[in-house]
Amino acid sequence: MEILTNTWQILPFPENAAGKRVEFDMGCGKGRFTVELARRYPDSLVFCNDIIIERLRIVERRAARAGVTNLHALRAASLALVSYQLPVQRIDRLHLLCPDPFPKKKQTPRRLVCTDFLCRVPRVLKKGGIFHLSTDYTPYYEDWLRMFSQLPDLYELAPNGIDDMADVKTDFEIKWNEMGQEVHHVCYRLK
Ligand SMILES: C[S@@+](CC[C@H](N)C(=O)[O-])C[C@H]1O[C@@H](n2cnc3c(N)ncnc32)[C@H](O)[C@@H]1O
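As the structure is a prediction and not an experimental result, all values here were calculated from the model.

(A) Spotlight on the pairing of strand 6 (residues 125-135). Taking burial as the measure, the 11 residues of strand 6 include 8 buried ones, the bulk of the element. What joins strand 5 (residues 91-97) to strand 6 is helix 4 (residues 115-120), and the crossover it makes is right-handed. Sheet analysis places strand 6 next to strand 8 (residues 184-190), joined by 6 bridges and oriented antiparallel. By the bridge assignment for strand 8, S134 is matched with H185.

Next up, the structure:
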């Protein structure tokens, strides 16, 4: 696991990264989705990050059990990664699954997904790359649709962007489903 502590530090990709497809799972939690992604696509580089190190230790253990060697876990904050720490336009598919919804009105400014964030993502996503998001919190989802619709020069809907992984749920998605809550998924392609 790599720990990025200096906000201005750029993550050096591994030496074997040249020409490889890159998937990134932001705020991966315990990494159920991430590890399966790495298992299905052994020739891709799969990165994930979280700010809680104990969750990344679980990802590491799951990756070891699954025998995957193409997964890199980063202890780093998603906003810093997108804004400064990741190399430019190197990600083919970015996943942001069940980010904290901060449902209370006074918490809304703490949400990661906002117009500013959507305008920063093109720094790291390749042109034509897919941005896949999910949430159980319908008002957050509706905000996303509105925000993306206000950026038609940057993004277009990509309804099939996650077809190959549609059968894989994250740990939080399983939890919400068990409580009877639907989790909304949406994908956009960077123009
Ligand atoms: C609701 S959980 C979802 C985890 C996982 N994606 C899933 O669906 O099971 C949100 C995750 O985002 C992480 N997180 C919160 N703020 C973060 C930040 N600024 N940067 C990176 N990860 C963050 C939390 O530690 C937590 O593991």
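Once the structure has been displayed, the description carries forward.
(B) How the structure looks around the nonpolar core. Counting residues in hydrophobic clusters, the biggest one holds 35 residues, and the most contacted among them are F24, F131, W144 and Y155. Those elements that place two or more of their residues in this core are strand 2 (22-26), strand 3 (45-50), helix 3 (78-85), strand 5, helix 4, strand 6, helix 5 (138-149) and strand 8. A total of 5 residues in this core trace back to one element, the largest contributor, which is helix 5. If near-sequence neighbours (up to four positions away) are discounted, Y155 is found in contact with L118, V121, P122, F131, F148, Y188, R189, L190 and K191.

(C) Spatial organisation of the site of the ligand. In the neighbourhood of the ligand, 17 residues make up the surrounding shell, with G27, D50, R55, L97 and T170 lying closest. Backbone polar atom of S78 to a nitrogen atom of the ligand: 3.0 Å apart, as the coordinates give it. Contact between the ligand and L97: a nitrogen atom at 2.7 Å from a main-chain N or O atom of the residue. In the complex, the protein chains occlude 86% of the 600 Å² of accessible area that the ligand would expose alone. Counting residues per element, the ones that place at least two in the shell around the ligand are strand 3 and helix 6 (171-178). Looking at the shell around the ligand, its residues break down into 8 nonpolar, 5 polar and 4 charged.

(D) Spatial organisation of the packing of aromatic side chains. Following the criterion strictly, the structure yields 9 aromatic pairs and no others. A centroid spacing of 6.0 Å and a plane angle of 65 degrees characterise the contact between F131 and F148, whose relative ring orientation is edge-to-face. Of the two residues, F131 is situated in strand 6 and F148 in helix 5; the sequence distance between them amounts to 17 residues. On the accessibility criterion, F131 (0% relative accessible area) is buried. Aromatic side chains Y155 and Y188 sit 6.4 Å apart centroid to centroid with 75 degrees between the ring planes, which places their arrangement in the edge-to-face category. Of the two residues, Y155 sits in strand 7 (residues 155-157) while Y188 sits in strand 8, which places them 33 residues apart along the sequence. An identical accessibility class is assigned to Y155 and Y188; each is buried.

Calculation notes
- Residues numbered from 1 in each chain as written.
- Predicted model: local features only at pLDDT ≥ 70, side-chain atom pairs only at ≥ 80, totals over all residues.
- Heavy atoms only, no water.
- Buried < 20%, exposed > 50% of the residue type's maximum accessible area, 1.4 Å probe, protein only.
- Helix = DSSP H or I, 4+ residues; strand = E, 2+ residues; numbered from the N terminus.
- Right-handed = clockwise from strand over helix to strand, strands pointing away.
- Pairing = 2+ DSSP bridges.
- Core = buried A, V, L, I, M, F, W, Y, C linked by side-chain atoms within 4.5 Å.
- Contact = heavy atoms within 4.5 Å.
- Near = heavy atom within 4 Å.
- Polar contact = N/O pair within 3.5 Å; in protein donor to acceptor, adjacent residues only side chain to side chain.
- Areas by Shrake-Rupley, 256 points an atom, 1.4 Å probe, with all protein chains shown as cover.
- Nonpolar A, V, L, I, M, F, W, Y, C, P; charged D, E, K, R; others polar.
- Phe/Tyr/Trp six-rings, centres within 6.5 Å; stacked < 30°, edge-to-face > 60°.

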